[in-house]
Each structure stands twice: as structure tokens, then as C-alpha cells.
Amino acid sequence: MFKTENELKNEIRKFCESPSSKRVMIKIHNLAKLKGEGLGYHFDHCDILCFQTSPDNIKSLREFCRVLYLKHDVKIILRGIEVKSILDADYFHFSKTYNCNLGEETPLDITFGFPKDNIKTKACGLIIYHKNRLVKIKRVTNAERLIGVVNIDCLTPTAFKQDFIKDDKYRHTMKLLRRKKKHFIKQGAKLGLV
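Here the residue index of a chain counts from 1 through its sequence in written order. The predicted origin of the model limits local features to residues at a pLDDT of at least 70 and limits the giving and counting of side-chain atom pairs to 80 or more, whereas totals for whole chains, interfaces and linings rest on all residues. Calculation of side-chain values draws on the structure's entire complement of heavy atoms; hydrogens and water are dropped beforehand.

Enquirer: Would you mind going over the overall build of the protein chain with me for this structure?
Expert: Segments assigned H or I by DSSP are reported as helices when at least four residues long, segments assigned E as strands when at least two residues long, and all are numbered from the N terminus. The secondary structure content of the protein chain amounts to three helices and eleven strands. Starting at the N terminus and walking to the C terminus, you meet the elements of the protein chain as α-β-β-β-β-α-β-β-β-β-β-β-β-α. With the model as given, the accessible surface of the protein chain reaches about 12,900 Å², and the carbon-plus-sulfur share is 52%. Each accessible area value is a Shrake-Rupley result obtained with a 1.4 Å probe; residue values ignore everything except the protein chains displayed when judging cover.

Here's what the structure looks like:
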């Protein structure tokens, strides 16, 4: 964290003078203080935590970056440590991918899994993407730590891309997702994971 504006400018100057032109660096500067609470953020060695709640109750910047894009086309480094995608092989204790067909040109791959015990996450539920970008996280009942991941390009997102237009195709897709979730939970129960 920079204490003065000059420290920030020096860091930006050093970055601009570096040989790689394909990097993007985001520096946080001029954070506001909350009344009586200091900064609205807590910095630890590998993450930045926000005390205010987000719509999906994700307070960790690392966790938010993990789910923002389904496949990271860029390398995201936070506090000097790379942020892995939600589909990283080391993330799940047990997972299964279902290949489905909605009658569209592109197949629908749905991955359900249980994160490893050492992974603390608030991003549980059905994480729905459109063209690789997070649209929404739907909470899942009956399985507290279940994570489902699906990229649905055949649906039409709303104007602000925080939900989908609720047409027949949407309802049919949600019905299919519920059916696959139920099947996965049954498999997890047989293994003692639920």
C-alpha cells in the first residue's frame, strides 16, 4: 500500500518502463476510511478482504478473481501469488463433469464438485457464466459446500449481465441443471460427502 501519491507515481513509472507491453497492473490508491472502523479493507499476506458485503457475500478479492472468469485468459496475481481458476485441478476434492445437449450448436458442460477441506470459499452454489464471464451465483440448497460451474452461451443475459432473460430456454436449462445437481448429490451421498 502506498502512503503518498508520489510513491504510486514512481511505481507506475517503473511499470511503464518495463520491457513487457502485454501486462496490466492495477494498484489500489486513496482508499476511503469507514466511520470509526478505519479502512473498509483488511490486507493479509495473500488477500484483500472487504468488510462490506457483496451481492454474493464474497468478501475476498482473491475469491472474487477466482470466479470472475471461467477460464483465465490472463494471469491474475494478487499480493504476489497467482490466482487460480475455479476449475483448477487442485480445487476440488471430488468432481464430475456432465456433457449435455440443449439442442444448440454448442454442448453444455456442467461441472459439480466439493472443494477440498482446506479451501475456505463463499462461492458455493451454481456459478453461471456467459461467454467466460460470471453472470450470477445461485445458492444451492441441500448441499452446503457444493459448487456447480457452467458456461451457458445459448441463453440471453439481461442488459447489465447479472442475470438471464427468463424465457422458455432459460427454464429448460435450469430444469436440466437441477436434475444434474440432484444426480451429483446422490453420488456424493454414496461417498459420504454430503
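Enquirer: Looking at this structure, how should I read the pairing of strand 10 (residues 133–138)?
Expert: For a regular strand, side-chain orientation follows a simple rule: the groups alternate between the two sheet faces. Here the rule is simple: two strands pair whenever DSSP picks up at least two bridges between them. Relative to strand 10, strand 9 (residues 125–130) runs antiparallel, the two being bridged by five bridges. In the sheet register, H130 faces strand 10, and the bridge partner there is R133. As consecutive antiparallel partners, strand 9 and strand 10 are separated by two residues, and within that stretch K131 has a phi angle of approximately 50 degrees, a positive value.

Enquirer: What exactly am I supposed to notice about the sheet that holds strand 8 (residues 108–115) here?
Expert: Hydrogen bonds between backbone atoms are what pair the strands of a sheet, whose relative direction is either parallel or antiparallel. Pairing in this open sheet of five strands is mixed, and the strands run 7-8-11-9-10 from one edge to the other. A single partner strand is all that each edge strand has here, and the edge strands are strand 7 (92–100) and strand 10. Sheet twist, expressed as the mean angle between neighbouring strand axes with direction ignored, is 20 degrees. Lines fitted to C-alpha atoms define the axes here, with helix axes fitted over just the stretch in contact, and angles between the N-to-C directions of these axes take values from 0 to 180 degrees.

Enquirer: Can you help me understand helix 2 (residues 61–68) in this one?
Expert: The classification of residues rests on relative accessible area computed with a 1.4 Å probe and restricted to protein chains. Under 20% of the type maximum is buried, over 50% is exposed, and intermediate values are partly exposed. Extensive coverage of helix 2 is indicated by the burial of six of its eight residues. Should any heavy atoms of two residues lie within 4.5 Å, those residues are considered in contact. Close packing links the buried residues of helix 2 with strand 5 (76–78), strand 6 (81–83), strand 9 and strand 10.

Enquirer: Even after reading the chapter, I still don't get the nonpolar core, so can you show me in this structure?
Expert: In globular proteins that are soluble, nonpolar side chains generally tend to be buried together. Joining through side-chain atoms within 4.5 Å is the link that ties buried Ala, Val, Leu, Ile, Met, Phe, Trp, Tyr and Cys residues into a set, and such a set is a nonpolar core. Counting 22 residues, the largest nonpolar core has L108, I110, F112, I128, V150, I152 and L177 as the members making the most contacts within it. Listing elements by their share of this core, those giving two or more residues are strand 7, strand 8, strand 9 and helix 3 (168–190). When residues in this core are grouped by element, the largest group, six residues, is from helix 3. Dropping the residues within four chain positions of it, I110 is found in contact with K96, T97, Y98, C100, V149, V150, L177 and K180. Ranked by size, the runner-up nonpolar core spans twelve residues in total, among them V67, Y91, Y129 and I137.

Enquirer: Before we go on, may I ask you to explain the pairing of strand 8 in this structure?
Expert: Buried residues dominate strand 8, accounting for seven of its eight residues. Strand direction decides the pairing type here: strand 7 and strand 8, joined by eight bridges, are antiparallel. Residue pairing across strands places Y98 opposite I110, the latter belonging to strand 8. One ladder, built from four bridges, connects strand 8 with strand 11 (residues 147–151); its direction is antiparallel. What sits directly across from T111, in strand 11, is V149.

Enquirer: Help me understand the packing of aromatic side chains, please; the structure alone is not making it clear to me.
Expert: The way to describe two aromatic rings as a pair is by their centre distance and the angle between their planes. Paired rings are identified among Phe, Tyr and Trp, the last through its six-membered ring, by centres lying within 6.5 Å, and are further divided according to the angle between planes into stacked (under 30 degrees), edge-to-face (over 60) and tilted (the rest). Taken as a whole and assessed by the stated rule, the structure comprises five aromatic pairs. Here the aromatic rings of F164 and Y170 are separated by 6.4 Å at their centres, their planes lie at 35 degrees, and the arrangement is tilted. Accessibility assignment for this pair places F164 and Y170 in one class, buried. Through a chain of ring-to-ring contacts, three or more aromatic side chains come together here, namely F94, Y98, F112, F114 and F184.

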